[in-house]
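Residues per chain, in single letters:
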Amino acid sequence: MTKVEQPVWFKKAISNEPKKLSIKVKGVKITYNAWGEKGNPGILFVHGGMAHADWWNFIAPYFIKTHRVIAMNLGGMGDSEWRKEYSTETWGTEIESVCKKEKLKKPIVVGHSLGGMCGVYAASIMKKNLYGLIIVDTAIMPPSDNPPKFDFKIRANKIYKSLKEIKSRFRLVPGQVNALEYIMDYIAEKSIKKNKNGWSWKFDPNYMKIFNNDSFMERQAIYRDKLKGLKCRVAILRGEKSVIFPGSSAKYMHELMDKKSPIINVPEAHHHIMVDQPMALISALRSLIIDWDCLLYTSDAADDSLRVDLGGRRII
């Protein structure tokens, strides 16, 4: 992967380096990135499968003037330790534990793909202690739909002899066109760890056992029930060109929640929205959080250049 010039907005965002913190959850070290002042309203970002907290490093800084912002590594991914077994239930508990460790009062959780599933479970156990859940391109399917065929034959344990070689092998799953090369280059570097004999990917390939088709429909039924019973606000963002989140699933999820939660289609975006339409994602998240914040928080802005107060409505 060749080095591509980063635009100014991206350079400025990643220059806001986060603090690297951790917590033990069920005997495993869970690491996370943190920005902003403690005591501010909380936002917690959760990545997708095989990804990590640093996928949010160029998104999170757009919220740090007004919020305590966390981007966590789920167990078995990023810089978090590996587990013997994985489940969305355990990952959901990790989300809740990070929120408690950070003393986030009624935070908003933003979960992409697998992170959206884990967010649904976390929201179900946090109940009214979570103010809102934003699900980013995570499909919960109607019972009548056939489960997708998963092909996760990924050689994650392979050791590469050089950094250049392993970076050249970095791919999105599922693949997509129009991914911004400077973002791909950035997250590829953050996805790699140095070993005694070379370089390898950070994630534990054993986590992918939860995606076997035998249990897919059973897990989807659980997610349906939990989504329907959530006590917090919910919003859904969907990549308009996503191959794993069809419009039929978005409509079904909307109906599951009695049509009370907004469905936002991001134009020209594929599944990994932050990789091909990052500014559109930021804008959509800002709009939702502005709307939710104006109902929950009434304090004046800490930074007038970022937010002004118009009759109690906070503009980010």
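A brief report on the enclosed structure follows. Computed from a predicted model, the values in this text were never measured in an experiment.

Attention shifts here to the overall build of the chain. Looking only at helices and strands, the chain features nine helices and 12 strands. Across the chain, every contact between residues at least 6 apart in sequence was considered, and the portion connecting residues at least 24 apart equals 75%.

Attention shifts here to helix α5 (residues 181-190). Extensive coverage of α5 is indicated by the burial of seven of its 10 residues. What α5 keeps buried is the set Y182, I183, M184, D185, Y186, I187 and A188.

To continue, consider the side chain of S124. Take S124: it is sitting in helix α3 (residues 114-126). Take S124: its relative accessible area is 15%, and that puts it in the buried class. If near-sequence neighbours (up to four positions away) are discounted, S124 is found in contact with K226 and L230.

With that settled, the discussion passes to a positive patch on the surface. Judged by side-chain charge, K19, K38, K101 and K103 come together as a positively charged surface patch. Of note, K19 is situated in strand β1 (residues 19-25). Exposure remark for K19: the relative accessible area of 57% places this residue in the exposed category.

The next subject is unusual backbone geometry. As a rule of thumb, non-glycine residues mostly have phi less than zero, and peptide bonds are mostly trans rather than cis. A cis amide bond links V173 to the next residue, P174, at an omega of -5°. Of note, P174 is situated in the loop between α4 (163-168) and α5. For S113, which is not glycine, the phi dihedral falls at a positive 55°. When you line up the elements, S113 lands in the loop between β5 (108-112) and α3. Of note in this structure, E268 is not a glycine but carries a positive phi near 65°. Along the chain, E268 turns up in the loop between β10 (263-266) and α8 (273-276).

Here we take up the nonpolar core. Residues F45, F58, I59, I134, Y207 and L227 are the most contacted members of the largest nonpolar core, which totals 98 residues. Ignoring any residue separated from it by four or fewer positions in sequence, one finds Y207 in contact with G49, M50, M77, Y86, W91 and L114.

Once that is clear, we can look at helix α7 (residues 247-256). Among all positions in α7, only S249, A250, Y252, M253 and L256 are buried. Down the axis of α7, the buried set is contained in an arc of 165°. They therefore lie on one face. At its buried positions, α7 is contacted by β6 (132-136), α6 (216-228), β9 (233-239) and β10.

Here eight strands make up an open sheet; going across it, the order is β1-β2-β4-β3-β5-β6-β9-β10 and the pairing mixed. Each having just a single partner strand, β1 and β10 make up the two edges of the open sheet. With strand direction ignored, the average angle separating the axes of adjacent strands in the sheet is 20°. Here β1 runs beside strand β2 (residues 28-35); their pairing, made up of seven bridges, is antiparallel. Across the sheet, K19 pairs through a bridge with A34, a residue of β2.

What counts and what doesn't
In this convention, every chain numbers its residues from 1, walking through the sequence in written order. Since the coordinates come from a predicted model, pLDDT governs what is reported: local features require at least 70, and pairs of side-chain atoms require 80 or more to be given and counted, while whole-chain, interface and lining totals use all residues. With hydrogens and water stripped out, all remaining heavy atoms of the structure feed into the side-chain values. Runs of H or I in DSSP of at least four residues are treated as helices and runs of E of at least two as strands, each being numbered from the N terminus. Contacts were defined at the residue level, with two residues in contact if any of their heavy atoms lie within 4.5 Å. Only protein chains enter the calculation, and the probe is 1.4 Å; a residue is then buried if its accessible area is under 20% of its type maximum, exposed if over 50%, and partly exposed in between. Exposure above 30% relative accessible area and the absence of a salt bridge qualify a residue for a patch, where like charges join within 9 Å and nonpolar side chains (Val, Leu, Ile, Met, Phe, Trp, Tyr) within 5 Å. Per-residue and other accessible areas were derived by the Shrake-Rupley procedure at a 1.4 Å probe size, with only the shown protein chains allowed to occlude residues. In the sections that follow, a salt bridge refers to a side-chain nitrogen of Lys or Arg positioned within 4 Å of a carboxyl oxygen of Asp or Glu. Positive residues here are Lys and Arg, negative ones are Asp and Glu, while His and the chain termini are left out of the count. Charged groups are reduced to one reference atom each: NZ for lysine, CZ for arginine, CG for aspartic acid, CD for glutamic acid. We call a set of buried residues a nonpolar core when its members are Ala, Val, Leu, Ile, Met, Phe, Trp, Tyr or Cys and they connect through side-chain atoms within 4.5 Å of each other. Taken from the helix axis, the directions to the C-beta atoms give the arc we talk about. Paired strands, in this sense, are two strands between which DSSP finds at least two bridges. In this description, a line fitted to the C-alpha atoms serves as the axis of each element, helices being fitted only across the stretch in contact, and the angle between N-to-C directions of two axes falls anywhere from 0 to 180 degrees.

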